[in-house]
Amino acid sequence: MAPPVPEAIPRANLSETKSTSRFSLSLEGNISLDSIILLSHVPKNVTRSNFSSNPHAFDTNDSPAPPYILNSVESKSENGAFLGLSVKEPHDRILNSIGKLIGRKYLSIFRFKTWWSTMWVGSNGSDLQMETQLVMLQVPEINSYALILPLIEENFRSAIHPGSNDDVHVILCVESGSTKVMGTTFSSCVYLHVGDNPYDLMRDAFKAIRVHLGTFRLLEEKTLPNIVDKFGWCSWDAFYLTVEPVGLWHGVKSFVENGFPPRFLIIDDGWQSINMDHEPPLEDSKDLTGLGSQMLCRLYKFKENEKFAKYQAGTMLKLDAPTFDQEKHDQKFKKSFHSYGSRSLPFHQSCPDTPFLPSCNPNQAANLYESMHSYLADVGVTGVKVDVIHTLEYVSENHGSRVQLAKAYYDGLTKSLKKNFGGSGLIASMEQCNDFFFLATKEISMGRVGDDFWFEDPNGDPMGVYWLQGVHMIHCSYNSLWQGQLIQPDWDMFQSDHLCAEFHAGSRAICGGPVYVSDKVGRHNFDLLRKLVLPDGTILKCQHYALPARDCLFENPLFDGKTLLKLWNLNKYAGVVGVFNCQGAGWYLEEHKCKAYPQFYKSISGLVSPDDVEWEQKDLTAQFRNTEQFAIYLHKADNLQLVRSKEQISLTVQPTSFEILTVSPVHKLNERAKFAPIGLENMFNSGGSIEFLEYGFKVDISTVKIKVKGSGKFLSYSSEKPKEIVLNGEKVEFEWSTNGILRFGIPWIGGNLSDVFISIS
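Residues numbered from 1 in each chain as written. Predicted model: local features only at pLDDT ≥ 70, side-chain atom pairs only at ≥ 80, totals over all residues. Heavy atoms only, no water.

Draft legend 1. Spotlight on the overall build of the protein chain. A count of helices and strands for the protein chain gives 13 helices and 43 strands. Taken against the 2.2 N^0.38 rule, which gives 27 Å for 761 residues, the C-alpha radius of gyration of the protein chain at 27 Å falls within 12% of a compact globule. The principal-axis extents of the C-alpha atoms in the protein chain amount to approximately 80 × 70 × 50 Å. Per-residue burial for the protein chain yields a buried fraction of 62% across its 761 residues. For the protein chain, the exposed area adds up to about 29300 Å²; of that, 51% sits on carbon and sulfur atoms. (Helix = DSSP H or I, 4+ residues; strand = E, 2+ residues; numbered from the N terminus. Rg over C-alpha atoms; globule rule 2.2 N^0.38 Å. Buried < 20%, exposed > 50% of the residue type's maximum accessible area, 1.4 Å probe, protein only. Areas by Shrake-Rupley, 256 points an atom, 1.4 Å probe, with all protein chains shown as cover.)

Draft legend 2. Geometry of the sheet that holds strand β24 (residues 547-548). Reading across from one edge, β24-β25-β26-β33-β30-β31 is the order of the six strands in this open sheet, with antiparallel pairing throughout. Bordering the open sheet on either side are β24 and β31 (639-644), each of which pairs with just one other strand. The sheet contact formed by β24 and strand β25 (residues 565-570) spans two bridges and is antiparallel. Looking at the pairing, leucine 547 lines up with tryptophan 568 of β25. (Pairing = 2+ DSSP bridges.)

Draft legend 3. Main features of the sheet that holds strand β23 (residues 515-517). Taken in spatial order, the three strands make up an open sheet running β16-β15-β23, and their pairing is parallel. Across the chains shown, the open sheet's two edge strands, defined by having one partner strand only, are β16 (264-266) and β23. Strand-to-strand, the axes of this sheet are offset by a mean angle of 25°, without reference to chain direction. Sheet analysis places strand β15 (residues 231-234) next to β23, joined by three bridges and oriented parallel. From the neighbouring strand, phenylalanine 231 faces β23, where its bridge partner is valine 515. On the sheet, helix α4 (residues 245-257) packs against β15, β16 and β23 and is oriented at approximately 150° with respect to β15. (Axes fitted to C-alpha atoms, helices over the stretch in contact; angles between N-to-C directions. Contact = heavy atoms within 4.5 Å.)

Draft legend 4. Molecular detail of the packing of aromatic side chains. Across all of its chains, the model carries 32 aromatic pairs by this definition. Measuring from ring centre to ring centre gives 6.0 Å for tyrosine 145 and phenylalanine 554, while their planes differ by 5°; the resulting arrangement is stacked. With tyrosine 145 in strand β10 (residues 144-150) and phenylalanine 554 in the loop between β24 and β25, this pair connects stretches of sequence that are 409 residues apart. Per residue, the accessibility class of tyrosine 145 equals that of phenylalanine 554, and both read buried. Feature note: the residues Phe110, Phe112, Trp120, Phe559, Trp587, Tyr588, Tyr597 and Phe600 constitute an aromatic cluster, connected by ring pairs. The ring of tyrosine 588 has lysine 595 lying over it, and the distance from NZ or CZ to the ring centre is 5.1 Å. Taking the ring centre of phenylalanine 658 as reference, the NZ or CZ of lysine 636 above it sits at 4.5 Å. (Phe/Tyr/Trp six-rings, centres within 6.5 Å; stacked < 30°, edge-to-face > 60°. Lys NZ or Arg CZ within 6 Å of the ring centre and 35° of its normal.)

Draft legend 5. Representation of empty space enclosed by the protein within the structure. Considering all chains together, one arrives at seven cavities of 30 Å³ or more under this definition. For the second largest cavity, the calculated volume is near 80 Å³. Thr118, Met119, Trp120, Val121, Val471, His475, Asn556, Leu558, Phe559, Gly586, Trp587 and Cys594 are the residues that line the second largest cavity. Taken together, the elements giving at least two residues each to the lining of the second largest cavity come down to β8 (117-122), α11 (464-483) and β27 (585-588). The element that contributes the greatest number of residues to the lining of the second largest cavity is β8, accounting for four residues. Looking at side-chain class alone, the lining of the second largest cavity contains eight nonpolar, four polar and no charged residues. (1 Å grid on protein atoms, 1.4 Å probe; cavity = no way out; pocket = protein on both sides within 12 Å on 5 of 7 lines; lining within 4 Å. Points joined across faces, edges and corners; volume = space filled by probe spheres on them. Nonpolar A, V, L, I, M, F, W, Y, C, P; charged D, E, K, R; others polar.)

Draft legend 6. Fine view of the pairing of strand β32 (residues 649-653). Burial along β32 is one-sided: the residues Ile649, Leu651 and Val653 are buried and none of Ser650 and Thr652 is. The sheet contact formed by strand β29 (residues 604-608) and β32 spans five bridges and is antiparallel. In the strand pairing of β32, isoleucine 604 is matched with valine 653.

Draft legend 7. Spotlight on the pattern of salt bridges. One pass over the structure, following the stated rule, counts 43 salt bridges. With a closest N to O distance of 3.3 Å, aspartate 330 and lysine 520 form a salt bridge. Of this pair, aspartate 330 sits in helix α6 (residues 326-333) while lysine 520 sits in the loop between β23 and α13 (526-529), and the two are 190 residues apart along the sequence. By relative accessible area, which is 15% here, lysine 520 ends up buried. The partner of aspartate 492 in a salt bridge is arginine 448, with the nearest N and O atoms 3.4 Å apart. Residue aspartate 492 is located in the loop between β22 (488-490) and α12 (501-510), and its partner arginine 448 is located in strand β21 (residues 446-448); the two are separated by 44 residues in the primary sequence. A single burial state applies to aspartate 492 and to arginine 448, both of which are buried. Beyond isolated ion pairs, a larger network of salt bridges with shared partners links Arg93, Arg111, Glu131, Arg157, Glu175, Glu393, Arg402 and Asp435. (Salt bridge = Lys/Arg side-chain N within 4 Å of Asp/Glu carboxyl O.)

Draft legend 8. Inspection of the environment of leucine 567 at higher detail. Examined against the element boundaries, leucine 567 turns out to sit in strand β25. A sequence separation of 18 residues divides leucine 567 from alanine 549, and the C-alpha atoms of the two residues are 5.7 Å apart. If we ignore the near neighbours within four places in the chain, the residues touching leucine 567 are Ser477, Trp491, Ile510, Ala546, Leu547, Pro548, Val576, Val577, Gly578 and Phe580.

Draft legend 9. Seen up close, the confidence of the model for the protein chain. Averaged over all residues, the pLDDT of the protein chain equals 92, while 93% of them reach at least 70. Note on residues 8-18: pLDDT under 50 across the span, and 21 contacts to partners over four residues away in sequence or across chains. pLDDT under 50 marks residues 335-356. Its contacts with residues more than four places away, or in other chains, come to 99 contacts. (pLDDT = per-residue confidence, 0-100.)

Given below as structure tokens:
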């Protein structure tokens, strides 16, 4: 079947135009990078233009890019180019080939639900999935990578679709979302960018688009929510729609009494004043017993519902304070959860906020959010989580296009966020579409990067309790490649007593974002939480956000039967690599949903190296790329070993299991002594405990000065036995063995940093 190519306006003679881009479009219809063909058989109505020759918004929008971004983009402008297209007849939705993709490995991100996206790999245009948000191509001929990124242009938004059947064309869908808004000519509906480092490629490409569009800001320009390095609790899996003050009190009390004070609380669905059409318009709904029933409701007032409004301050401080029975509560939802599983698009909207649906004129969007958020801010709420944030594309027919409708609502939300929650007190959720990222993220700086944590398969597969967890991890890690350019990735909650809780805990420890759970009241695994959370409710947060290692980018860690998911991240003075076996589930092309691939649910072996850590992604750690030797600590195996910089360690990982490796550069103190601090071995992210590290030398004595966050056993490699160790001004005992393993205890001193001074002859 031939690809859709609307009647074309002839392309200009491009050979007469001086090229200032590494990308070219030949008269023969080939899009090439440094003379290497990426796409062939490009239709004549497709155009290419240089980045520098295309008009940009940086000089007209209200949040211009800072000079360092402008300078960076300008210096690398030859690495980018735009694709456009033109048709003779105006349309509101144009499907147009941009060429054939044949035999070149790629990583893509596509929407598999309205609001959730995930990864997909392939090598031909026919392998692509509907609603693809980006494609990263391997270009091994020049050891580089090329990005194909659909954009928004005026009233239109673009995405990539596959060619039909065995057709290898890449189809671009350019749509307004309204039959009343049509177009014929586009000059920049796709952006191309090239780089020799896949992580630099993503950063540089989004810098360029930030300058071009002027409708969003990068993560590096924004303030993060203050919960980013905290431990929290979400009410969802404990209460669902029946959340109420007594249960919340007992839930928080359970954490605090056991040494895990939540530093933030998300009150999920069930606190708002909502009802259904058949119910009295000014009364709370009486029919919210089934999950998903809130989807049929409307908000009838901004204040909390009767359950919360009737609560009297001090009630829970009385001797006869009400109790909460989690077992009795669970019986209410034992059946309704499974009946909800038949719904194709899971929905839950989080407190404190409302479903992101246009219930008012777009011109009043700012008033809508101001009315909701100002009340919440006045009563002490410090932030909101906005769920179902991407739904506007379905209701844009009479609102000037999906882009214009989104702008109105997102601008209103942004104004309220700045006024009521300091510009950063918001978690975006169910938002994974390019409309949102290009239009809503001037202020929003944190968002979910994966589908919900599902503790079991709502469709009834008993093995779903296991395989769903690996799918979740793949969503979060690969989505972070692009979403992390604009927002701090949030990996969602999990339950500490789940069968795969440790699997989740390992990923949350190194994800670089907040850690929060949705435990039922009194049902916790505190031994596991101690590896994540400190006694003051803070966490050992990485300096970056976790991303897949290079040798995972173009593989399928879900159902190829051979690939382990390797995640790298950075601490201040060390790297960390998490190795996860996610095999056994994934996307079914025929059914368009994720299901089990039981034949791949098995042990997998792989290789790990210090070279897997992308040291250059932070200035502080870039120096470690030239380190010759590293000390690597395998957390679960409790094994410390020395390796060369490119030396590989072989690991075998069981299904739904993992290993975390702290990678610490070995420093040569003197002719004999070498040293490498690992950190608190009792924490999953051991290296995150090291807040300061300085090496010195005084009169034949080498010194190591360390500031440590947290408490427990501090582990290091020291080739020579220390002369003494001084901790917080006092000498302490330590354990040292001839294999270089050094251990000593660090006490908890109320959240302050412990000072360690090690002397080695």
